[in-house]
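# A closer look at the structure
Chain by chain, the residues:
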Amino acid sequence: MSLPVPTQATVYDAAVVGIDATEMRRYAVRSPASGEIIAEVADCTVEHAELAAENAQRGFESWRRTTAFERAALLKAWHRAMLEAKETLALTMAREMGKPIREARGEVDYAAGFLEWFAEQAKRVDGDILPSQHPDKRLSVLRQPVGPVFAITPWNFPAAMITRKVAPGLAAGCSVIVKPAEQTPITALMLAELWREVGGPAEVFQVITAERPAEISDTLMADARIRKLTFTGSTPVGKHLYAKSAATMKRMSLELGGHAPFVIFDDADIDAAVAEVMASKFRNGGQTCVCANRIYVQRGIFDAFAERLAAAVDELRVGQPEDEATQIGPLVSQAGRDKAQSHIDDALEKGARRLTVARAVDGLFVAPTVLADVTSDMRIMREETFGPVAPLIAFDSEAEAIANANATPFGLAAYLWTRNLGRAARVSEALDYGIVGVNDGAPSVPQAPFGGIKDSGLGREGGRYGIDEYLDLKFVSTRLDG
Ligand code: NAD
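Tallying secondary structure elements over the chain gives 13 helices and 19 strands in all. Taking 23 Å as the expected radius of gyration for a compact globule of 482 residues, we find that the chain reaches 23 Å, a close match to that expectation. Judged by the C-alpha coordinates and their principal axes, the chain covers about 80 × 65 × 40 Å. For the chain, the proportion of its 482 residues judged to be buried stands at 55%. Of the contacts formed within the chain by residues at least 6 apart in sequence, a portion of 74% connects residues at least 24 apart. Per element, the accessible surface of the chain, about 18,700 Å² overall, is 52% carbon and sulfur.

Encoded structure:
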């Protein structure tokens, strides 16, 4: 790959066909760990968005006519190229978003997994023949690509949130324009470069970078040629885009915020439960939409669980993202850091107890924290924290745990730990969430459906279901002559 890992104001262009880079305005991307500028990236405008839409329409017309086998072969080649570029991509993610390098390598594997999975699924887009009550009629159902797709992605998984959308879109025969988060454009540009290197048509997958997302988005949302929006990000922005989509009646997939409960029953293996809570809560510094945000522990094991979790959290190594030993890096932005810290401060002011050491940290770092005596009036119990803070709440009965877990407008992921098979089935069925982890704090895999209900969004990504979001059904009724 010829694109360099960002260092001290490396300059990048947008991956939009026909763009004139000479007059291009640029914006600075900073390392959240050091605060230094690491890149200058194209700051695209309305006219670039219009150009991208024209390209995407042209790209769609030819791409839709390729066979599923051709599309699968390209996606497989892209998958291999991504794995070959693993170290470059991982280092780029560590620099632009502050993800610890070992986790960043894991993200490359996870992200590439969607390319491989949907390369295989491309060949499974089939149709149906329906019975007819008329002897001279033949009824069939075709599944056809929806058309050019606009994808808006967040910064917390700079590679995987792109491949989870682009791979099913391309596999189905759609063209895709990605607008990555302004904090993490470089990984996205690298993915576009790898796509072109393996022979992928440049008009079929484009990346439009911009510091102010709204003007790009407004242009593409108003463009009737764009037939679908797929968005991962916060619930307020998702709702705003949902309303905007009405004007051009776009298909929508919305992967929005969460407020995941993790319920630990008193029959749990405490050490195993601590390990799964750690995996769920502290991955990516707590900056994932499926991170546990409320940890309910049954009263009989509350003290033992709290003590062991706090000890494990005190062992977490906070440090520079590129350091192999680092487990917790900085948060992505000042706003993100301030929000997580304010959740800790608000809880402590209202009577919560800090069970972990109050480590001194600076810059965008937040000390990993476990809080006990948390009550429902604290902000952390209602708002998504997106930081390394674990609030613990005691409960008595199964019914109380289910009611507490469901008492939120969100419905993305929920977790429970029990060795009781009946309880595992009862509680997982009663939880109002799109994803449930039973004794499993990290359930996401490319072959499973990912997505939520209520304020957590619409539609599913991944699995054999993910490609349906990029396909329209067409019913063909044929009357035979004679
Ligand atoms: P955000 O909504 O501010 O930004 C997400 C994306 O939307 C970015 O690309 C941003 O540029 C763009 N955006 C922002 N305002 C826009 C506007 N007015 N018009 C068009 N695009 C706009 O979210 P964030 O705070 O950067 O990301 C974190 C959020 O994403 C969290 O709430 C998290 O739960 C959610 N998230 C959800 C999933 C999921 O799959 N459900 C995955 C990761 C993150």
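Right, let's talk about the domain arrangement of the chain for a bit. What the domain assignment lists for the chain is domain 1 (11–256 + 456–476) and domain 2 (260–446). Facing 28 residues of domain 1, the contacting portion of domain 2 comprises 30 residues. Between domain 1 and domain 2, a total of about 2,300 Å² is buried, with carbon and sulfur atoms accounting for 55% of that surface. As a salt-bridge pair, E324 and R105 come within 2.7 Å of each other at their nearest N and O atoms. Here domain 1 and domain 2 share ten residue pairs in polar contact (both at pLDDT 80 or more) between them. For the side of domain 1 that touches domain 2, the secondary-structure elements that each account for two or more residues are α3 (86–97) and α4 (101–122).

In the vicinity of the ligand lie 27 residues, with T153, W155, E182, S234 and E384 positioned nearest. A distance of 2.7 Å is found between an oxygen atom of the ligand and a side-chain nitrogen or oxygen belonging to W155. Isolated, the ligand exposes 840 Å² of accessible area, and the fraction of that covered by the protein chains is 86%. Secondary structure elements with two or more residues in the shell around the ligand: α5 (160–172), α7 (213–222) and β9 (228–232). Taken together, the residues that form the shell around the ligand break down as 14 nonpolar, eight polar and five charged. For the shell around the ligand, the domains that each give at least three residues are domain 1 (11–256 + 456–476) and domain 2 (260–446).

This part takes up the pairing of strand β11 (residues 260–264). The buried count for β11 comes to five of five residues, which makes it a mostly enclosed element. Where burial is concerned, the two faces of β11 agree: the one with A260, F262 and I264 and the one with P261 and V263 are both buried. Pairing of β11 with strand β12 (residues 292–298) involves five bridges; the strand directions are parallel. Among the inter-strand pairings, V263 is bridged to a residue of β12, identified as Y296. For the segment spanning β11, helix α9 (residues 270–282) and β12, crossover handedness is right-handed.

Glancing now at the pairing of β9. The element β9 is largely enclosed, with a buried count of five among its five residues. Neither face of β9 is exposed, since K228, T230 and T232 on one face and L229 and F231 on the opposite face are all buried. Sheet topology note: the strand β6 (residues 149–152)/β9 ladder contains four bridges and is parallel. Of the residues in β9, the one forming a bridge with F150 is L229.

For the rest of this paragraph, the subject is the packing of aromatic side chains. Evaluated as defined, the whole model comprises seven aromatic pairs. Plain terms: the ring middles of Y110 and F114 are 5.0 Å apart, the flat faces sit at 75° to each other, and that makes the pair edge-to-face. One end of the pair, Y110, and the other, F114, are both in helix α4, four residues apart, so they sit about a helical turn from each other. An identical accessibility class is assigned to Y110 and F114; each is buried. Seen from their ring centres, F265 and F395 are 5.5 Å apart, and the 85° between their planes marks the pair as edge-to-face. With F265 in the loop between β11 and α9 and F395 in strand β15 (residues 389–395), the pair connects residues that are 130 residues apart, well separated along the chain. Exposure remark for F395: the relative accessible area of 0% places this residue in the buried category.

So, how was this worked out
Residues numbered from 1 in each chain as written. Predicted model: local features only at pLDDT ≥ 70, side-chain atom pairs only at ≥ 80, totals over all residues. Heavy atoms only, no water. Helix = DSSP H or I, 4+ residues; strand = E, 2+ residues; numbered from the N terminus. Rg over C-alpha atoms; globule rule 2.2 N^0.38 Å. Buried < 20%, exposed > 50% of the residue type's maximum accessible area, 1.4 Å probe, protein only. Contact = heavy atoms within 4.5 Å. Areas by Shrake-Rupley, 256 points an atom, 1.4 Å probe, with all protein chains shown as cover. Domains from an automatic or database assignment. Buried area = accessible area lost by both parts, 1.4 Å probe. Salt bridge = Lys/Arg side-chain N within 4 Å of Asp/Glu carboxyl O. Polar contact = N/O pair within 3.5 Å; in protein donor to acceptor, adjacent residues only side chain to side chain. Near = heavy atom within 4 Å. Nonpolar A, V, L, I, M, F, W, Y, C, P; charged D, E, K, R; others polar. Pairing = 2+ DSSP bridges. Right-handed = clockwise from strand over helix to strand, strands pointing away. Phe/Tyr/Trp six-rings, centres within 6.5 Å; stacked < 30°, edge-to-face > 60°.

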